Amino acid sequence: MNEEQQQPQPDTNQIVEERRGKLRALRAHGNPFPNDFRRTHLASEVHVLGEGKDCERLEADPSEAAVAGRLMLKRVMGKASFATIQDMSGRLQLYITRDALGESVYDAFKHWDLGDIVGAAGTMFRTRTGELSLKVTRLRLLSKSLRPLPEKFHGLTDQEQCYRQRYLDLISNPEAQRTFRMRSHLIQAMREFFVARGYLEVETPMMQPLPGGAAARPFVTHHNALDMQLYLRIAPELYLKRLVVGGIEKVFEINRNFRNEGISTRHNPEFTMLEFYEAYQDYEYLMDLTEELLREVAVKVTGNVKLTYQGETIDLGKPFDRLTMAQAIARYNPRYPLHELEKPEYLRAALAPFDIEVFPTDGVGLLQLKLFEQTTESKLVQPTFIVAHPTDVSPLARRNEGDPAVTDRFELFITGREMANGFSELNDPEDQAERFRQQADAKAAGDEEAMFYDADYIRALEHGLPPTAGEGIGIDRLAMLLTDSPSIRDVILFPQMRPE
RNA sequence: GGGCGGUUAGCUCAGCCGGUAGAGCAGCGGACUUUUAAUCCGUUGGUCGCGAGUUCGAAUCUCGCACCGCCUACCA
């Protein structure tokens, strides 16, 4: 970022100018940003205290409270006023009178602005209409706000501004608050799930000398002291499996991955993944565990195993379908009979109408994958495991015992989107070395997403990786599902945006 | 990357067939001691995203650019 962008724009806005004037006047009388006010209650705690108590009871036994928050609404009626403040727990109405506060404080309050941060102390009571409020005996301005809030009724609706100035979105749109609380609860619930089962949470490098564990273009950076190129990680997978080699047999990490690819409603350059590994288990176990996990977090976060996503009901309560690609293609597209989907010529003919690259070297597995992606993926609205991915596209997964052309792998689809990817891990170092060689060849041939040959990882496998099952779950997409958010930007506090 | 749509006051939005800028909220001044998006009276505030073009005249029509949104492609 250059100097000019760092400099605040000179603001000629009239409202800001008037507020700056008010701030100047406040400075003349002391510090307009004092930090010696302490609250005793959150807004929600006041509401809990007053719950079920009528006017008479509150008057007979008055509870005191000191609260603080942002001034959101203000209704001045001569010598008495109502104001609504908002803190992290919610809102509370204040009743502010000249008689209780004295003329100078009351007159000052009349010139405070929506958006100012205030502290108030007083006693609880109920208004004529029954709203629990605070009869204020002490009132102070704690932070002067210089810029006007978004419109008090409509809130902030400009999506761009919601993303760029998330604080305004959070102040004025309760749904934004709700969404990010749910996201936080989701991550909390996942952590609890794994900790309760004896998994150890770890952190592995975000900056890696070789980016591995996924097929994706990485971000590149440079370390000056070591004078070496480093990559922001595209996945933690290879490090977590090194830890399983090291004896951490149940391990998980919830952290950021970085992929230097497109931005869309489903993609942000940095996104959060859960990855977990458990020794002496296989991919069948992972599918059972995944169902259990999703049910548990859905109930903890939303209270229900049935969700609504963009008008569609998603039921996490029923056992998830488990289909091979061919089975899924046939089920969701009756025009493709299942028995034909094992024939390469049939698959090539079926793919011809689609505008995608098909190579002469593509085997049945790859052809099925391409047809699956074109015709079926988006139709997997209810939770569905797709199993038995081709070995060619699964360089870290264990081969199936009966059919070495496919792997013991699954991907979970919900709302037509990939939510999870898991497999029995490839723990044969020689097979892994061979697969890395194929990836390295593909990279040399121009495939930018192909993997590097990771000799250090092979060395770790040569020490012996126990039979292990491992899985990754995209937290942002799960958060979208649970919060009914149409865009990944709605569940990332500060999504990547072009500079203004 | 491609297609479609959007950009007007701090915010939410009108602005028709081209005639020179509007409302509500917020702000400012006034009235009002139980309001609920308080109400009532008065009032300030605009390089209509940026740049060209057409025209006597452009917020409005045309072209280009920027940013955003949606769809689409790659991907999780």
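To keep things clear, this report deals only with the structure shown in the data block. (Residues numbered from 1 in each chain as written. Chains lettered and ligands numbered in written order. Predicted model: local features only at pLDDT ≥ 70, side-chain atom pairs only at ≥ 80, totals over all residues. Heavy atoms only, no water.)

Here we take up the protein's contact with RNA strand B. Neighbouring RNA strand B are 55 residues, the closest being E18, D99, T129, H267 and R477. Within the side chain of D99, one N or O atom sits 2.3 Å away from a base oxygen of RNA strand B. R164 is positioned such that a nitrogen or oxygen atom in its side chain is 3.3 Å from a sugar or linking oxygen of RNA strand B. Residue assignment for the surface near RNA strand B shows that the elements contributing at least two residues are α2 (14-28), β1 (64-77), β2 (80-87), β3 (90-97) and α7 (159-164). (Near = heavy atom within 4 Å. Polar contact = N/O pair within 3.5 Å; in protein donor to acceptor, adjacent residues only side chain to side chain. Helix = DSSP H or I, 4+ residues; strand = E, 2+ residues; numbered from the N terminus.)

Overall, antiparallel pairing links the 3 strands, which are arranged β7-β9-β8 in an open sheet. In this open sheet, the two edge strands, each paired with only one partner strand, are β7 (207-208) and β8 (220-223). By the bridge criterion, 4 bridges tie β8 to strand β9 (residues 228-232) in an arrangement that is antiparallel. Each residue of the ladder has a partner; that of H222, found in β9, is Q229. (Pairing = 2+ DSSP bridges.)

Further remarks concern the environment of L481. Along the chain, the position of L481 falls in helix α17 (residues 475-483). Take L481: its relative accessible area is 2%, and that puts it in the buried class. On a C-alpha basis, the gap between L481 and L307 in space is 7.9 Å, while along the polypeptide they are 174 residues apart. Leaving out residues up to four positions away in the same chain, L481 has contacts with L307, Y309, I314, I414, T415 and M419. (Buried < 20%, exposed > 50% of the residue type's maximum accessible area, 1.4 Å probe, protein only. Contact = heavy atoms within 4.5 Å.)

Bringing the sheet that holds strand β4 (residues 117-126) into the picture now. Strands sit in the order β1-β2-β3-β5-β4 around a closed barrel of 5 strands; the barrel is mixed. Sheet twist, expressed as the mean angle between neighbouring strand axes with direction ignored, is 55°. When β1 meets β2, the two strands line up antiparallel, connected through 7 bridges. Across the sheet, L73 pairs through a bridge with T84, a residue of β2. Strand contacts of helix α6 (residues 103-110): β1, β2, β3 and β5 (132-143), with the helix running at about 60° to β1, the strand carrying the most contacts. (Axes fitted to C-alpha atoms, helices over the stretch in contact; angles between N-to-C directions.)

Below, the discussion takes up the nonpolar core. L186, M190, F194, L274 and F276 are the most contacted members of the largest nonpolar core, which totals 45 residues. Ignoring anything within four residues of it in the chain, the contact list for L186 reads V297, V301, I475, L478, A479 and L482. The next biggest cluster of nonpolar side chains, apart from the first, holds 23 residues, and it includes V67, L101, W112 and L141. (Core = buried A, V, L, I, M, F, W, Y, C linked by side-chain atoms within 4.5 Å.)

We now examine the packing of aromatic side chains. Ring pairs (aromatic) are described by centroid distance and by the angle formed between their planes. Enumeration according to the criterion identifies 15 aromatic pairs in this entry. Arranged with centres 4.5 Å apart and planes meeting at 40°, the rings of F194 and F276 form a pair that is tilted. Placement of the pair is F194 in helix α9 (residues 174-196) and F276 in strand β11 (residues 270-279), with a sequence separation of 82 residues. Among the residues examined, F194 registers a relative accessible area of 0% and is labelled buried. Ring geometry for Y199 against F276: centres 6.2 Å apart, planes inclined by 80°, an arrangement best described as edge-to-face. Note that Y199 is positioned in the loop between α9 and β6 (200-201) and F276 in strand β11, a separation of 77 residues in sequence. A connected cluster of aromatic rings, assembled from ring pairs, spans F193, F194, Y199, F252 and F276. When the ring centre of F109 is taken as origin, the NZ or CZ atom of K74, which lies over that ring, is 5.7 Å away. Here K135 stacks its cationic end above the ring of F125, 4.7 Å away from the centre of that ring. (Phe/Tyr/Trp six-rings, centres within 6.5 Å; stacked < 30°, edge-to-face > 60°. Lys NZ or Arg CZ within 6 Å of the ring centre and 35° of its normal.)

Attention now goes to the pairing of β1. Here β1 runs beside β4; their pairing, made up of 7 bridges, is antiparallel. For A68, the partnering residue across the bridge sits in β4 and is G119. Counting the residues between successive antiparallel strands, the hairpin from β1 to β2 contains 2 residues, one of them, G78, with a positive phi of roughly 70°.

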